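Read off the chains here:
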Amino acid sequence: MNSLSGIEHKGLVHLYTGGGKGKTTAAAGLAVRALGTGKTVLFCQFLKGLASGELKGLQLLGAKILRAKVCGKFVSQMDNDELALLKKDHEECFLEASSLILSGGIDVAVFDEAVDAVNLGIICEDRLFELIAKRPAHVEIVITGHKPWENLKRLADYETDFVCAKHPFDKGVPARRGIEY
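Residues numbered from 1 in each chain as written. Predicted model: local features only at pLDDT ≥ 70, side-chain atom pairs only at ≥ 80, totals over all residues. Heavy atoms only, no water.

Student: Teacher, can you tell me more about the overall build of the chain here?
Tutor: In terms of helices and strands, the chain carries 6 helices and 6 strands. Shown N-terminal to C-terminal, the secondary structure of the chain runs as helices and strands in the order β-α-β-α-β-α-β-α-α-β-α-β. Computed over its C-alpha atoms, the radius of gyration of the chain comes to 16 Å, within 12% of the 16 Å expected for a compact globule of 181 residues. Projected onto its principal axes, the C-alpha coordinates of the chain cover approximately 55 × 35 × 35 Å. Counting only residues that meet the buried cut, the chain has 42% of its 181 residues in that class. Here the contacts in the chain between residues at least 6 apart in sequence split such that 72% fall between residues at least 24 apart. Accessible area for the chain stands at about 10,300 Å²; split by element, carbon and sulfur atoms hold 54% of it. (Helix = DSSP H or I, 4+ residues; strand = E, 2+ residues; numbered from the N terminus. Rg over C-alpha atoms; globule rule 2.2 N^0.38 Å. Buried < 20%, exposed > 50% of the residue type's maximum accessible area, 1.4 Å probe, protein only. Contact = heavy atoms within 4.5 Å. Areas by Shrake-Rupley, 256 points an atom, 1.4 Å probe, with all protein chains shown as cover.)

What follows is the structure in structure tokens.
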């Protein structure tokens, strides 16, 4: 008997990282594929201020969307009060996502920019690992961000590093709605 029999029913962990464009796009594509096969999807975003085009499309297809609030500044520009509010909002978003996942009603959960949120101390690494460990066995987890830590890399079943070889932004072309966001 094949040692991988039954693996299609086990949820795995995807890690999409790197400095290149495409991490959120790939995560959204996987979410669309899952929705197209009748799976329930949670798409949870951290540290993103602009409403990205993928969110409305995913919501129309039936995905549950959660977004932590941001104040329009980079974390490094925030004062202590703004930083405390940001952390509180992100923690509440993460706890709501965790509750939905642990209830068993989610098949695929995307944590967009969670790597960066952990690296900035906005969400707790231990809570992320605890959620991954305690999730129902069928739940697929997708995590995106820029600089993953080694423990997360070891935990991941898939690891894809996005590298930007060329981008129009380098020639002064601003991000375009519906393409880059």
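Student: What should I look at first to understand the nonpolar core in this one?
Tutor: Soluble globular proteins: nonpolar side chains tend toward being buried together. Judged by nonpolar contacts, the single largest core of 33 residues is most densely connected at Phe-46, Ile-101, Phe-111, Ile-141 and Ile-143. Elements represented by at least two residues in this core include exactly β1 (13–17), β2 (41–45), α3 (80–102), β4 (108–112), α4 (114–119), α5 (125–134) and β5 (140–145). By residue number, the principal contributor to this core is α3, which donates 5 residues. Here Phe-111 is in contact with Cys-44, Phe-46, Phe-94, Ala-97, Ile-101, Leu-131, Ile-141, Val-142, Ile-143 and Thr-144, once residues within four sequence places are set aside. (Core = buried A, V, L, I, M, F, W, Y, C linked by side-chain atoms within 4.5 Å.)

Student: How should the packing of aromatic side chains be read in this particular structure?
Tutor: Here a ring pair, both rings aromatic, is described through the centre-centre distance and the interplanar angle of the planes. Inspection of every chain in the model, using the stated rule, returns 4 aromatic pairs. Ring centres of Phe-94 and Phe-111 lie 5.8 Å apart, and the angle between their planes is 45°; on these two criteria the pair is classed as tilted. Here Phe-94 is found in helix α3, whereas its partner Phe-111 is found in strand β4, with 17 residues between them in sequence. Here Phe-94 and Phe-111 have matching classes, each one buried. Where Phe-129 meets Trp-149, the ring centres are 6.3 Å apart and the plane angle is 80°; that geometry is what we call edge-to-face. Pair noted here: Phe-129 is in helix α5 and Trp-149 is in the loop between β5 and α6 (150–155), with a separation of 20 residues, a long-range link. Judged by its relative accessible area of 14%, Trp-149 is buried. (Phe/Tyr/Trp six-rings, centres within 6.5 Å; stacked < 30°, edge-to-face > 60°.)

Shape is all these values report; function is a separate question.
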